[in-house]
Amino acid sequence: MSSTSRAFNLLQKCYIPSFKAPMRSTRRSLGSTPGINGMRSSSICFAHELLSPTGKIVKDGGKRSTAVLSHSPKEEKVLNNQGVGAFQKLPMVMPAIDILSSAQRKARNVSPTKGIANIAKRERNKAAKQLDTLMKELAVPLRTYIENFPNKKYLHPYECSLIELTFGDGNYEQILGRVDSLRKKLISVGKEHASLCAQSSTKREAEERLGEGLKKVQEAFNQGKNALDDLLYVAKSLRAMPVIDPHLPTLCLVGAPNVGKSSLVRILSSGKPEVCNYPFTTRGVLMGHIMLNYERFQVTDTPGLLRRHEDDRNNIERLTLAVLSHLPTAVLYVHDLSGDCGTSADDQFFIYKEIKEKYSNRLWLDVVSKCDLLEDFSTSACISNELDRYKAFGPEGAISVSVTNGMGIEELKDKVYQLLLSQMTQIPAKEG
């Protein structure tokens, strides 16, 4: 009888609990990736049931293989009907040290199968079961994370943009790939050493092989635990992002940095954004709500836009464009012509023209902020030049307001309410 056959027979005699945790996903490891810690300095800190996925590998233009999750036609229909809110249903990711400690404690408490009289057989049975338990307790949580973190392919386009702009293009998938690679490594090492334990001929040999197996499984886990630390950071970041209901009328405040958007959000809604005099105070989408005549509306404060080509915009600016592109919002565009914001009136004019042209299908309201700091041009001669007129009065029909002295605030609130009522009629009714 061959050594392989003898090992198989021994495994049959020494019961080893089957590891019933196959991953249906075949997510491939994406190799070495930049650590998530390197992204924290630039990260942007701002559901429905997710079905367990199956997996397949998709070729990316012949350059590399990237893992994506596929779903059955029934699952696809459910997922495609989802709105935003998937981040609020992410699984709770345990710290790596807690997962390891829990697994080791449960493995130590495993006893041999009752009824085995032979000391050597009883010890190798116990050793094999303890290794199997350690492997399972480490690998099952990883499988749960991989199955329940959403696939970008089935997310709302806005949430997909948030992931890319927060962590960088491809990093989210790479982190999940590293977690899956760790899971597979643990299963491989655990099964290998459980098999060796099952082949032990003496009690002492079984104990030695158990000690070696426990050490090897722990080493494999420690080598890959950085992937779990990164996944924990991803989960915390995504869960902290505000949920925007696409079925509620939403007002999006847009403009250059430091023009007074955050101050207006505080006046108009329940949102309490930071208000300081430096560019990019708002580094993420901030949410507030308005209650008017028993109607509930949403207000979003977005990062400021600078005058530059769209391809040159940073991820903070692109977040604003993601809101405008993927969510059904009405626009409250804020202009500061006082020279106080750090962006010249000329630059604001060209930014405004670009955004107004690109999102011309949006309901729109223009506001000139900090009007208490502006000169009085009411007696000036008629200005025919469009740019000069903008620098003097702002866009045609703009409301002049001042948070400092309250000028124009009541008029602004009335206009905003009418704008949101109009927005309500354009939003499809929520199904179900």
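This text follows the structure it describes.
Structure report, in brief. (Residues numbered from 1 in each chain as written. Predicted model: local features only at pLDDT ≥ 70, side-chain atom pairs only at ≥ 80, totals over all residues. Heavy atoms only, no water.)

Topic: the overall build of the protein
Test applied: Secondary structure elements are defined from DSSP: runs of H or I of at least 4 residues count as helices, runs of E of at least 2 residues count as strands, and each element is numbered from the N terminus. Each accessible area is a Shrake-Rupley estimate made with a 1.4 Å probe; only the visible protein chains count as cover when residues are assessed.
A tally of regular secondary structure across the protein gives 12 helices and eight strands. Accessible area of the protein: about 21300 Å², with a carbon and sulfur share of 49%.

Some words on the environment of G339
Put simply, the rule reads: Whether a residue is buried, partly exposed or exposed follows from its accessible area with a 1.4 Å probe, protein chains only, as a fraction of its type maximum: under 20%, in between, or over 50%, in that order.
Tracing the backbone through its elements, the reader meets G339 in the loop between β6 (329-335) and α10 (345-358). Accessibility expressed as a relative area gives 64% for G339, which makes it exposed. When the C-alpha positions of G339 and V259 are compared, they lie 9.5 Å apart, and in sequence the two are 80 residues distant.

Concerning the packing of helix α6 (residues 171-198) against helix α7 (residues 203-239)
Put simply, the rule reads: A fitted line through C-alpha atoms represents every axis, and for helices the fit uses only the stretch in contact; the resulting angles, taken between N-to-C directions, go from 0 to 180 degrees. Working rule for angles: under 35 degrees goes down as roughly parallel, over 145 as roughly antiparallel, 65 to 115 as roughly perpendicular, anything else as oblique. Crossing handedness follows the turn of the near helix against the far one: under a right angle anticlockwise gives a left-handed crossing, and clockwise gives a right-handed one.
Where α6 meets α7, the closest approach of the two axes is 9 Å, and the angle between their N-to-C directions is 170°. Between α6 and α7, the interaxial angle falls into the category roughly antiparallel. Every pair of crossing elements has a handedness; the one defined by α6 and α7 is left-handed.

Thoughts on the pairing of strand β3 (residues 250-255)
As a reminder of what qualifies: When DSSP finds at least two bridges between two strands, those strands are taken to pair.
Counting buried residues along β3, six of its six residues qualify, which places the element largely inside the surrounding structure. Along β3, one buried face is formed by T250, C252 and V254 and the opposite face, lined by L251, L253 and G255, is buried too. Where β3 and strand β5 (residues 295-301) come together, four bridges link them in parallel fashion. Residue pairing across strands places L253 opposite D301, the latter belonging to β5.

What to know about the nonpolar core
For clarity, the cut-off: Residues belong to one nonpolar core when they are buried, are Ala, Val, Leu, Ile, Met, Phe, Trp, Tyr or Cys, and are joined through side-chain atoms within 4.5 Å. By definition in these notes, contact holds between two residues if any of their heavy atoms fall within 4.5 Å.
Core analysis: the largest hydrophobic core is formed by 72 residues, its most contacted members being L138, F149, F221, L238 and I355. By residue number, the principal contributor to this core is α7, which donates 12 residues. Excluding its chain neighbours within four sequence positions, the residues that come into contact with L138 are I99, L100, A103, L186, V217 and F221. Within the second largest apolar cluster, 24 residues are counted, among which are V265, F297, V334 and L365.

Section: the packing of helix α5 (residues 157-167) against helix α9 (residues 315-326)
Applied cut-off: Classes in brief: Ala, Val, Leu, Ile, Met, Phe, Trp, Tyr, Cys and Pro nonpolar; Asp, Glu, Lys and Arg charged; the others, Gly included, polar.
Contact geometry of α5 with α9 gives a least axis separation of 9 Å together with a crossing angle of 175°. By the angle class used here, α5 and α9 are roughly antiparallel. Along the contact surface, α5 presents P157, Y158, S161, L162 and L165, while α9 presents N315, R318, L319, A322, V323 and H326. The residue inventory of the contact of α5 with α9, partitioned by class, reads seven nonpolar, three polar and one charged.

Here we look at the side chain of Q298
As a reminder, the rule being used: Think of a polar contact as two N or O atoms within 3.5 Å of one another; within protein, one of them needs to be a possible hydrogen donor and the other a possible acceptor, and neighboring residues in sequence only count if both atoms come from side chains.
Among the structural elements, Q298 can be located in strand β5. Given a relative accessible area of 1%, Q298 falls into the buried group. At a separation of 2.6 Å, a polar atom in the side chain of Q298 contacts the side chain of T250.

Things to note about the pairing of β6
Counted residue by residue, β6 has seven buried out of seven residues, so it is predominantly covered. Burial along β6 is two-sided: the face carrying T329, V331, Y333 and H335 and the face carrying A330, L332 and V334 are both buried. In this structure, β3 lies alongside β6, joined through six bridges in parallel fashion. Counted as the bridge partner of T250 is T329 from β6. The sheet contact formed by β6 and strand β7 (residues 364-368) spans five bridges and is parallel.

Quick look at the sheet that holds β5
Strand order in the open sheet formed by six strands is β4-β5-β3-β6-β7-β8, and the pairing between neighbours is mixed. Sheet topology places β4 (286-292) and β8 (399-400) at the edges, where each strand pairs with a single neighbour.

Let's talk about the environment of D336
Examined against the element boundaries, D336 turns out to sit in the loop between β6 and α10. Assessed through its relative accessible area of 1%, D336 is described here as buried. Distance from D336 to L374, taken between C-alpha atoms, is 9.3 Å for residues 38 residues apart in sequence. Non-local contacts of D336, meaning those with residues more than four positions away in its chain, are made with N258, V259, C341, Q348, S369 and K370. There is a polar contact of 2.6 Å between the side chain of D336 and the side chain of S338.

Considering the pattern of salt bridges
Where we set the bar: For salt bridges, the criterion is a side-chain nitrogen of Lys or Arg within 4 Å of an Asp or Glu carboxyl oxygen.
Taken as a whole, this structure holds 19 salt bridges when the rule is applied. Ionic pairing is found between R178 and D230, a salt bridge with its closest N-O pair at 3.0 Å. Linking R178 in helix α6 with D230 in helix α7, this pair joins segments that are 52 residues apart in sequence. An identical accessibility class is assigned to R178 and D230; each is buried. Residues R209 and E205 are paired through a salt bridge, measuring 2.8 Å at the closest nitrogen-oxygen approach. Here R209 and its partner E205 are both found in helix α7, four residues apart, which amounts to about one turn of the helix. On the basis of relative accessibility, which here comes to 27%, the residue R209 falls in the partly exposed class. A network of salt bridges, in which partner residues are shared, links R308, R313, E317 and E354.

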